[in-house]
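# Structure at a glance
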Amino acid sequence: DTAVSQTPKYLVTQMGNDKSIKCEQNLGHDTMYWYKQDSKKFLKIMFSYNNKELIINETVPNRFSPKSPDKAHLNLHINSLELGDSAVYFCASSSGMNTEAFFGQGTRLTVV
Amino acid sequence: GENVEQHPSTLSVQEGDSAVIKCTYSDSASNYFPWYKQELGKRPQLIIDIRSNVGEKKDQRIAVTLNKTAKHFSLHITETQPEDSAVYFCAAGNQAGTALIFGKGTTLSVSS
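Residues numbered from 1 in each chain as written. Chains lettered and ligands numbered in written order. Predicted model: local features only at pLDDT ≥ 70, side-chain atom pairs only at ≥ 80, totals over all residues. Heavy atoms only, no water.

Our next topic: the overall build of chain A. Helix and strand content of chain A: zero helices and eleven strands. Secondary structure elements in chain A, listed N-terminal to C-terminal, are β-β-β-β-β-β-β-β-β-β-β. Whereas a compact globule of 112 residues would reach a radius of gyration of roughly 13 Å, chain A reaches 13 Å, a difference of no more than 12%. Its C-alpha atoms give chain A principal-axis dimensions of roughly 35 × 30 × 25 Å. The 112 residues of chain A split such that 46% are buried. Partitioning the contacts of chain A with sequence separation of at least 6, the portion at a separation of at least 24 is 54%. In the form shown here, chain A has an accessible surface area of approximately 5,400 Å², with 47% of it arising from carbon and sulfur atoms. (Helix = DSSP H or I, 4+ residues; strand = E, 2+ residues; numbered from the N terminus. Rg over C-alpha atoms; globule rule 2.2 N^0.38 Å. Buried < 20%, exposed > 50% of the residue type's maximum accessible area, 1.4 Å probe, protein only. Contact = heavy atoms within 4.5 Å. Areas by Shrake-Rupley, 256 points an atom, 1.4 Å probe, with all protein chains shown as cover.)

What follows deals with the overall build of chain B. Scanning chain B for helices and strands turns up zero helices and eleven strands. In sequence order, the secondary structure elements of chain B are arranged as β-β-β-β-β-β-β-β-β-β-β. Over its C-alpha atoms, taken along the principal directions, chain B stretches across nearly 45 × 30 × 20 Å. Looking at chain B as a whole, 45% of its 112 residues are labelled buried. Sequence separation of at least 24 residues holds for 53% of the intrachain contacts in chain B that already meet a minimum separation of 6. When the accessible surface of chain B is summed, it comes to about 5,500 Å², and 46% of that surface belongs to carbon and sulfur atoms.

With four bridges connecting them, strand 1 (residues 4-7) of chain A and strand 3 (residues 19-25) of chain A associate as antiparallel partners. The residue of strand 3 of chain A that forms the bridge with Val4 of chain A is Gln25 of chain A. (Pairing = 2+ DSSP bridges.)

With that out of the way, let us pick up the sheet that holds strand 7 (residues 64-70) of chain A. Think of a sheet as strands paired side by side through backbone hydrogen bonds, with each pair either parallel or antiparallel. All names here are of chain A. The four strands are arranged 1-3-8-7 in an open sheet whose pairing can be described as antiparallel. Of all strands in the sheet, those bounded by a partner on one side alone are strand 1 and strand 7. Neighbour to neighbour, the strand axes of the sheet diverge by 20° on average, direction disregarded. The pairing of strand 3 with strand 8 (residues 73-78) spans four bridges and is classified as antiparallel. Directly across from Ile21, in strand 8, lies its bridge partner Leu76. (Axes fitted to C-alpha atoms, helices over the stretch in contact; angles between N-to-C directions.)

Of the volumes computed, that of the largest pocket is approximately 250 Å³. Val88 and Arg108 of chain A together with Leu40, Gly41 and Lys42 of chain B are the residues nearest the centre of the largest pocket, which is lined by 16 residues in total. Elements with a contribution of two residues or more to the lining of the largest pocket: strand 9 (87-94) and strand 11 (107-111) of chain A. Looking at the lining of the largest pocket, its residues break down into five nonpolar, six polar and five charged. (1 Å grid on protein atoms, 1.4 Å probe; cavity = no way out; pocket = protein on both sides within 12 Å on 5 of 7 lines; lining within 4 Å. Points joined across faces, edges and corners; volume = space filled by probe spheres on them. Nonpolar A, V, L, I, M, F, W, Y, C, P; charged D, E, K, R; others polar.)

Any link to function would need more than the numbers given here.
Spelled out as structure tokens, the structure:
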């Protein structure tokens, strides 16, 4: 039974398109995150949500917007995709800020 | 904000040797230090973590040490095996509302 699941696993799209990545966790965690892993493997925090409230918004372009319909879901919407958005996006969840983060399997986004 | 530096970026060892990865952090409020292992094409997974009230923690072949005064912590893997080959990330977290901040990763290669 997958703890943190995200879809799709692969996403290939053209520049300028709008796309969404979905994430769901069944761990009962209060906090969810989106991380971006670039080609150099660097894991960079993008957003954190705690009980549906955004508590961190790193300096990412406002083309990226997290949306949380409920505590178990945190979706990522990206508008006007650019080549530089190509990366692997990981959703994660935890029971608190300084506790273990459980990662989803990642979504490899390729913008052509 | 927190900044985590990790060294080395790559590490090659012979099977059976020990491997050591070192990290430093900048925020003295950080009190949670996990280590994640990411195999090729997979999600990061926690292998060991340590909190600031403990100086050392061991789990079979892996151990982590923490020096709060110097703000650095290290991962030690003994008797390395080829299946230890992966990218290892250190991270730092605190209760102040920030997500885990990751180091840039160390690619460990264990040759038999």
